[in-house]
Amino acid sequence: MNEKTTADLENLRGLIDGVDQQLIHLLRKRLDLVAQVGVVKHGAGLPIYAPQREAAMLAKRRDEAQKMNVSPQLIEDILRRLMRESYLNEKDVGFKQINENLGDVVIVGGEGKLGGLFSQMLTLSGYQVKILDKDDWASAAQTFEGAGLVIVTVPISITCELIRDKLSSLPNDCILADLTSVKTEPVKAMLAAHSGPVVGLHPMFGPDVGSLAKQVVVVCHGRDSAKYQWLLEQIQIWGARLVEAEPEKHDKAMQLVQAMRHFSSFVYGLNLYKEEADIGSLLQFSSPIYRLELAMVGRLFAQSPELYADIIFAQKESMHAIGGYLDNYSQALYLLQAGDRDAFVAQFKEVAQWFGDFAPQFQRESRAMLQSVNDMKTD
């Protein structure tokens, strides 16, 4: 480059740096305003996530960006990232306590990660939380005395036994809840062991979430729902979305949503291991969608094997879903081995028709995720 080009570039880059600094100051100002919003919401007991407000704001910003010849998707991506940061900051001011007259909250298995998350959220909401873990049963009677809410969050394999053996003498008006990823048997066990209010909860997220905003919690009603309505409202204030379901319907869905999905990820990772695949090389040649898939598989193996064994082995009925997947895989493999391209295309079209409008919806939703993956560093 000649001296003039170098000077021009340095001048323009200096101007860009100045704009970047202005952006940082504006972001700081926006975060401060969001913090003030959080204080107001805390005082009024409003959820940190307001879907209608968010949708209206994004639509308006997209329209404004279009008029200024700025990519609407760029603006939406920036704002969504800012909102995620805002949700993380909003919980720092705490949450309104819905039930001020509740006794202690006892979390059985509270030393675990999910129990720790709910302990944190309840504490931020002003409740007195006690932890009862595997080495604390000698003092359990004293811990449960005066408890207004007992939450069970222990491995699935011991949940029902623990409920039957350890939780049959709770205060009559105490709410008994569980956080396991299967619901039919735990809810039955709670109803049999405890005469008071009972509710089954399944948080559809891991304990590493920074905020409950937009996260789903499945609710399976047990007994005396009016007496634990405050708890559901409290969870909504944290930003979560509640989905009500019968325990049997929930468990059938989990056979596909969790057991089959996790099992197929496990087998995919096992196959990579058996093939002695060079993951570094795979990343070099990967498309964004493959990197995302590989990340989901790797994420599985970064977590507790006991946890995923519990999820996969929790329901005997999951074997039917997994077996069906294997049968369909084998049939598709037969088409490939037979070189029957026309049959493959016909099957593809049939499945696409079954997906209907969800297929293009999922395509749109995945674009932003794939763009984020494409921007990742491949260190």
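The model shown is predicted, which means the values in this text are computed figures rather than measured ones.

Student: It is not clear to me how the environment of Phe263 should be interpreted in this structure. Could you clarify?
Tutor: Following the sequence through the fold, Phe263 ends up in helix α9 (residues 247-274). The exposure class of Phe263 is partly exposed, given its relative accessible area of 30%. Between the C-alpha atoms of Phe263 and Ala309, which are 46 residues apart in sequence, the distance is 9.2 Å. Apart from the residues lying within four places of it in its own chain, the contact partners of Phe263 are Gln258, Ile312 and Ile322.

Student: For this particular structure, what's the right way to read helix α14 (residues 341-355)?
Tutor: Structurally, the α-helix is built with 3.6 residues per turn, so residues lying three or four positions apart point the same way. The first and last C-alpha atoms of α14 sit 21 Å apart over 15 residues, in line with the 21 Å expected at 1.5 Å per residue. Immediately beyond the C-terminal end of α14, within one or two residues, lies Gly356, with a positive phi of roughly 60 degrees.

Student: Would you explain the environment of Leu272 in this entry?
Tutor: Its location among the elements puts Leu272 in helix α9. On the accessibility criterion, Leu272 (15% relative accessible area) is buried. Excluding its chain neighbours within four sequence positions, the residues that come into contact with Leu272 are Ala277, Leu282, Tyr290 and Leu294.

Student: Would you explain the nonpolar core in this entry?
Tutor: Nonpolar side chains tend toward joint burial in soluble globular proteins. Of all hydrophobic cores here, the largest spans 39 residues; its most connected members are Val105, Leu122, Leu149, Leu201 and Trp238. Per-domain counts for this core show at least three residues from each of domain 1 (3-93) and domain 2 (104-245). Excluding residues within four positions of it along the chain, Leu149 makes contact with Leu102, Asp104, Val105, Val106, Cys174, Ile175, Ala177, Trp230 and Leu231.

Cut-off values and rules
- Residues numbered from 1 in each chain as written.
- Predicted model: local features only at pLDDT ≥ 70, side-chain atom pairs only at ≥ 80, totals over all residues.
- Heavy atoms only, no water.
- Helix = DSSP H or I, 4+ residues; strand = E, 2+ residues; numbered from the N terminus.
- Buried < 20%, exposed > 50% of the residue type's maximum accessible area, 1.4 Å probe, protein only.
- Contact = heavy atoms within 4.5 Å.
- Expected span 1.5 Å × (residues − 1).
- Core = buried A, V, L, I, M, F, W, Y, C linked by side-chain atoms within 4.5 Å.
- Domains from an automatic or database assignment.

Limitation: the analysis is restricted to geometry and does not speak to function.
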